[in-house]
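# Secondary and tertiary structure notes
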Amino acid sequence: MPPTLEDHIRRITRNFTAPLPEADVLALGRDLALELARAHAEAPARHPDVEPAAIALVDGKPRLEGGPTRGSVGEDLFELGALVHWLAAVAPPDLSWRLDGPPPTRGSVIHRSLVLGLSSPQRERRFLTAQEAARAFESALKAETGGAHPWPLFRGDAARRGVATGVAKGGLSVLWEAATGAVVSSPVLTASLAISATADGRLVFVDRSSGRLIHELRLGSAIESSPALLGHELHIGTDDGEYIAVDVARGEVARRMRLGQVVRSSPLLTGEFAVLGAIDPKGAGALVALEAGSGKLAWRLKLKAVFSSAALAGARVIAGSDDGSLHAADLAKGTLAWSHALGSKVRATPAVLGEVAVVGDFAGRLVAVALKDGARVWAAELGAALYSSPCLAEGLAVVGANDGRIHGVDLATGAIRFVVETRGPVVASPVAMGDRFVVGSTDGDLYVIDPQGAVVQKTTLAAGGISSSPALDAELLVVGSARGLHALRLA
């Protein structure tokens, strides 16, 4: 007789007294979900026993053979969830789980979400099919391998250009909506999750394939800062003036410290430092660098209020301030290298490409500034306040304005190449999707624009409007709205 799964687990867990490593649990869960999908696809469908003693191992893989034709997909998945929980928590299933679900564990957010997806007493949170469960396990395994996150911070990269790599030309189709409540900040994307802050101060973890809410964490009274990811840590500011680091794997706060009265800047993570802006009482503020591992203060450059998120430009960081200027500071020391006066509050985030930084101000002036010395390269008068940050791609700087217009400005000369009208202020920042630009408006529509300024697609997402900037990779675009989070599949 072939060995059974029980024989294998008994050997590697010291007779069921030690937890199975999480990566092994995920791999086993995937393999069993695929076996259930195979059984359910037969005619008639089979419902095999998901008990370790009844599962044969063939070439090291579990095989689910036999089983009655009477049963349900939901019951099969519940039993798989009980097994997955048991192996990770060393807690045999209990009858009460059918009413209350498996008890919480100290496992990762991903593991907890999979158990809930299989065995939650709330049916709307459960997988509908074994194939869906298998895909979720596969995504979790990809996340376990580490690697770079596809959209780890506001505007996508440290230069804040708003550009995703490897995105093919095509349209967008709505995949799901997660009713998390209003989202103003920009989400971040991992291999398996979309993570976002809500306007009422929560951090929400959403399964990127299905839109299921799998975890949330209360961080403050309100949040407009966009999160930033580095490895297994997420960094964010709050309207309570705190900087918070979160262990993403466990879904828990790792450390927090007060930086000012309000923090709306999105952290820039350089590996050595987390750099972000702070807003202090009476209009004061600062650009602050914290040691990435410990959160210890490295330097603090006093300015007026800093709503702007910093962009990386070589050995310097670039950020705007309410003093009406764009500032460049030495990353290592925090000393001021140069300042360029625009004339009005600079709350937008600058974008860096080549030898210039591009940013707008509240007077409607979009400027390109030389990184070397802060000299002005060109200026474009756009006629309305700019809170939106420019996207730099296709030889253009594309930016939204508070009069509801989206402008395409020649990146070399500052000449206006196109203007697109929307029905509400555009405070969100555009992103480049291949050779097209995507941006939401407070009119509730998401616009896809080509380099000539033609609107090639318009999708209504939320009547309450879109203030969030999109996050995207080669497969998915996720954006917040007054309703919650929305995912659109890239065609």
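Because the structure is predicted, anything quoted here is derived from the model rather than measured.

With that settled, consider the sheet that holds strand 5 (residues 193–197). Spatial ordering of the open sheet is given by 4-5-6-7, a layout of four strands whose pairing is antiparallel. Every interior strand has two partners, whereas the edge strands, strand 4 (188–189) and strand 7 (213–218), have only one. Sheet topology note: the strand 5/strand 6 (residues 202–207) ladder contains five bridges and is antiparallel. Bridge assignment links isoleucine 195 to a residue of strand 6, and that residue is phenylalanine 205. Contacting strand 5, strand 6 and strand 7, helix 5 (residues 109–119) runs over the sheet at an angle of about 130° to strand 7.

What follows concerns the sheet that holds strand 20 (residues 351–353). Sheet architecture is open: four strands sit in the order 20-21-22-23, paired in antiparallel fashion. Whereas interior strands pair on both sides, the edge strands pair on one side only; in this sheet they are strand 20 and strand 23 (376–381). Direction aside, neighbouring strands of the sheet carry axes that sit 15° apart on average. Here strand 22 (residues 365–370) pairs with strand 23 via five bridges, running antiparallel. Residue pairing across strands places arginine 365 opposite glutamate 381, the latter belonging to strand 23.

Applying the stated criterion to the full structure yields 29 salt bridges. Among the ionic pairs, aspartate 157 bridges to arginine 161, the shortest N-O distance being 3.8 Å. Judged by its relative accessible area of 22%, aspartate 157 is partly exposed. For arginine 161, a relative accessible area of 21% gives the class partly exposed. Across the pair arginine 347 and aspartate 322 runs a salt bridge whose closest N-O atoms are separated by 2.8 Å. Here arginine 347, found in the loop between strand 19 (336–341) and strand 20, pairs with aspartate 322, found in the loop between strand 17 (316–320) and strand 18 (325–330); they are 25 residues apart in sequence, far enough to count as distant. Assigned by exposure class, arginine 347 and aspartate 322 land together as buried.

Cut-offs and rules
- Residues numbered from 1 in each chain as written.
- Predicted model: local features only at pLDDT ≥ 70, side-chain atom pairs only at ≥ 80, totals over all residues.
- Heavy atoms only, no water.
- Pairing = 2+ DSSP bridges.
- Helix = DSSP H or I, 4+ residues; strand = E, 2+ residues; numbered from the N terminus.
- Contact = heavy atoms within 4.5 Å.
- Axes fitted to C-alpha atoms, helices over the stretch in contact; angles between N-to-C directions.
- Salt bridge = Lys/Arg side-chain N within 4 Å of Asp/Glu carboxyl O.
- Buried < 20%, exposed > 50% of the residue type's maximum accessible area, 1.4 Å probe, protein only.

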